[in-house]
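A look at the structure
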Amino acid sequence: QVQLVESGGGLVQPGGSLRLSCAASGSIFSTNAMAWYRQAPGKLRDLVARINSGGGSDGGSEYADSVKGRFTISRDNAKNTVYLQMNSLKPEDTAVYYCYARIRSTYSGWQDYWGQGTQVTVSS
């Protein structure tokens, strides 16, 4: 069916940058909202950024207060892919980052899909 595959995580120094990618594949009829969540050590999973189906700009997007001005979410609808550009990274950004998408499968209708998560570690 539908799968979300994440990439781009890794180890980075404070102040550095990473770009996460999440590509949806499978029998996709259409894709609505896409988002990034994260789960930090000792914390529950929280929304980082969300973007509507328009994509291409920050219009219709929303961010957690802790990442505003540093992170940018974008999407490429032709590729069913969402990105998260992370700049000025801080140690408190360390978390497992999860991709989310609301997708209508050709066979299963609208459903929520999650990636398996990618580790982002910000440490000196």
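What this report covers is the structure whose coordinates are included nearby. Position numbers for residues count from 1 along each chain, tracking the sequence in the order it is written. Given that this is a predicted model, residues contribute local features only at a pLDDT of at least 70 and side-chain atom pairs are listed and counted only at 80 or more, while totals for whole chains, interfaces and linings are drawn from all residues. In computing side-chain properties, one takes all heavy atoms of the structure into account and sets aside hydrogens as well as water.

The pairing criterion is simple: DSSP has to find at least two bridges between the two strands. Numbering of helices and strands starts at the N terminus; helices are DSSP runs of H or I of at least 4 residues and strands are runs of E of at least 2. In space, the four strands of this open sheet follow the order 1-3-8-7, with antiparallel pairing throughout. The sheet is open, and its two edges are formed by strand 1 (3–7) and strand 7 (71–76), each paired on a single side. Between one strand axis and the next, the sheet turns through 15° on average, direction left out of account. Every axis in this analysis is a line fitted to C-alpha atoms, fitted for helices over the stretch in contact. Angles between the N-to-C directions lie between 0 and 180 degrees.

Below, the discussion takes up the pattern of salt bridges. Should a side-chain nitrogen of Lys or Arg be within 4 Å of a carboxyl oxygen of Asp or Glu, the pair is scored as a salt bridge. Evaluation of the coordinates by the stated rule reveals four salt bridges. A salt bridge links R38 to D93, with the nearest nitrogen and oxygen atoms 3.0 Å apart. Placement of the pair is R38 in strand 4 (residues 28–39) and D93 in the loop between strand 8 (81–86) and strand 9 (95–105), with a sequence separation of 55 residues. Residue R38 shares its accessibility class with D93, and that shared class is buried. A salt bridge links K68 to D65, with the nearest nitrogen and oxygen atoms 3.2 Å apart. Pair check on accessibility: K68 and D65 agree, each one exposed. It is possible to trace a salt-bridge network through shared partners that takes in R38, R70 and D93. Exposure is judged per residue with a 1.4 Å probe applied to protein chains only, and the accessible area is read against the type maximum: over 50% gives exposed, under 20% gives buried, and values in between give partly exposed.

Looking now at the side chain of D93. Judged by relative accessible area, D93 falls into the buried class, the value being 1%. Under the rule applied, a polar contact is a pair of N or O atoms within 3.5 Å (in protein, one hydrogen donor and one hydrogen acceptor; residues adjacent in sequence only if both atoms are side-chain atoms). Only 2.7 Å separates the side chain of D93 from the side chain of R70, close enough to count as a polar contact. Throughout, a contact is declared for two residues whenever any of their heavy atoms are within 4.5 Å. Ignoring any residue separated from it by four or fewer positions in sequence, one finds D93 in contact with R38, V67, R70, F71, S88, V120 and V122.

What follows is about unusual backbone geometry. At N80, a residue that is not glycine, the phi angle is positive and equals roughly 50°. Mapped onto the fold, N80 is located in the loop between strand 7 and strand 8. Non-glycine residue S88 carries a positive phi angle of around 50°. Position of S88 among the secondary structure elements: in the loop between strand 8 and strand 9. For S88, a relative accessible area of 40% translates into the label partly exposed.

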